[in-house]
Amino acid sequence: MTTARSENRAGVATTILLASMLAACGGTDEGPEAAIRNWVAQGQQAAESKDRGALLDMLSPAYADSRGNNRDDIDNMLRFYFLRQQKVALITRIDELMVFGDSAAEVALHVGMAGTNDNALGFSADAYHIEMELVREGDEWLLVYARWGGLGEDIH
């Protein structure tokens, strides 16, 4: 059974991971898949730098997720998480990346996340499986929908 605290932590972690995996802009020299993979690294760097603004720019204004969160909810989760964590580290692995035409994509990935904080142990760590949907608006890839679960849990 999931507690409210662990569900919120999962939401915050997932928010960071979702935003870190997907981002705006794909250069004209690379195809959609290469652009998404390139931004995985840049988004990961933004998350590890705790750059909330850069991460929010990666989400569509119409973002929604399976847990009822919208873009503003994600902003609040990031704010809370980054205030509590002194340092954030991510490890990501894209399991599947499907591009539809050049304007939509689905990404499935596993993400490990660790943070240092002032709790009893001084750190926290979690791992998640995340499924995302992206759309391309102009030259930007934006996250529009996501669902996730901890490793070994159902995705919802």
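Our subject is the structure listed above.
Let us look at the structure shown here. (Residues numbered from 1 in each chain as written. Predicted model: local features only at pLDDT ≥ 70, side-chain atom pairs only at ≥ 80, totals over all residues. Heavy atoms only, no water.)

1. Some points on the overall build of the chain
Working step 1: The secondary structure content of the chain amounts to four helices and five strands.
Working step 2: Counted from the first residue to the last, the chain has its helices and strands arranged as α-α-α-β-α-β-β-β-β.
Working step 3: Counting across all 156 residues of the chain, residues that qualify as buried make up 42%.
Working step 4: Relative to all contacts within the chain whose residues are 6 or more apart in sequence, the contacts with residues 24 or more apart total 57%.
Working step 5: When the accessible surface of the chain is split by element, carbon and sulfur atoms take 49% of a total near 7900 Å². (Helix = DSSP H or I, 4+ residues; strand = E, 2+ residues; numbered from the N terminus. Buried < 20%, exposed > 50% of the residue type's maximum accessible area, 1.4 Å probe, protein only. Contact = heavy atoms within 4.5 Å. Areas by Shrake-Rupley, 256 points an atom, 1.4 Å probe, with all protein chains shown as cover.)

2. Side note on the side chain of His129
Working step 1: Of note, His129 is situated in strand S4 (residues 123–137).
Working step 2: Given a relative accessible area of 16%, His129 falls into the buried group.
Working step 3: Of note is the side chain of His129, whose polar atom sits 3.5 Å from the backbone oxygen of Leu109.
Working step 4: In this structure the side chain of His129 is engaged in a polar contact, spanning 3.4 Å, whose partner is the side chain of His110.
Working step 5: If near-sequence neighbours (up to four positions away) are discounted, His129 is found in contact with Asp95, Ala108, Leu109, His110, Arg147, Trp148, Gly149, Leu151 and Ile155. (Polar contact = N/O pair within 3.5 Å; in protein donor to acceptor, adjacent residues only side chain to side chain.)

3. Thoughts on the environment of Val88
Working step 1: Relative to the elements of secondary structure, Val88 occurs in strand S2 (residues 87–100).
Working step 2: We classify Val88 as buried; its relative accessible area is 3%.
Working step 3: Counting along the chain gives 44 residues from Val88 to Gln44, while the straight-line C-alpha distance between them is 9.8 Å.
Working step 4: Every residue in contact with Val88, bar those within four places of it in the chain, is listed here: Ala47, Glu48, Lys50, Tyr81, Phe82, Ala114 and Gly115.

4. Focus on the sheet that holds S2
Working step 1: The strand order across the open sheet built from five strands is S1-S5-S4-S3-S2, with neighbouring strands paired in mixed fashion. A strand with exactly one partner marks an edge of an open sheet, and here the two such strands are strand S1 (59–65) and S2. Direction aside, neighbouring strands of the sheet carry axes that sit 25° apart on average.
Working step 2: Bridge count for S2 against strand S3 (residues 104–116) is 13 bridges, and the pairing is antiparallel. When the sheet's bridge partners are listed, Thr92 is paired in S3 with Val111.
Working step 3: Contacting S1, S2 and S3, helix H4 (residues 71–84) crosses the sheet at an angle of about 90° to S1. (Pairing = 2+ DSSP bridges. Axes fitted to C-alpha atoms, helices over the stretch in contact; angles between N-to-C directions.)

5. So, H4
Working step 1: The end-to-end C-alpha distance of H4, which contains 14 residues, comes to 20 Å, matching closely the 20 Å that a straight helix rising 1.5 Å per residue would cover.
Working step 2: Of all the positions in H4, only Ile74, Asp75, Met77, Leu78, Tyr81 and Phe82 are classed as buried. Buried residues of H4 fall within an arc of 165° about the axis and therefore sit on the same side. For H4, exposure combined with an orientation more than 90 degrees from the buried face picks out Asp72 and Leu83.
Working step 3: Looking at where H4 begins, the residue whose side-chain oxygen comes 2.9 Å from the main-chain nitrogen of Asp72 is Asn70. (Expected span 1.5 Å × (residues − 1). Arc of directions from axis to C-beta.)

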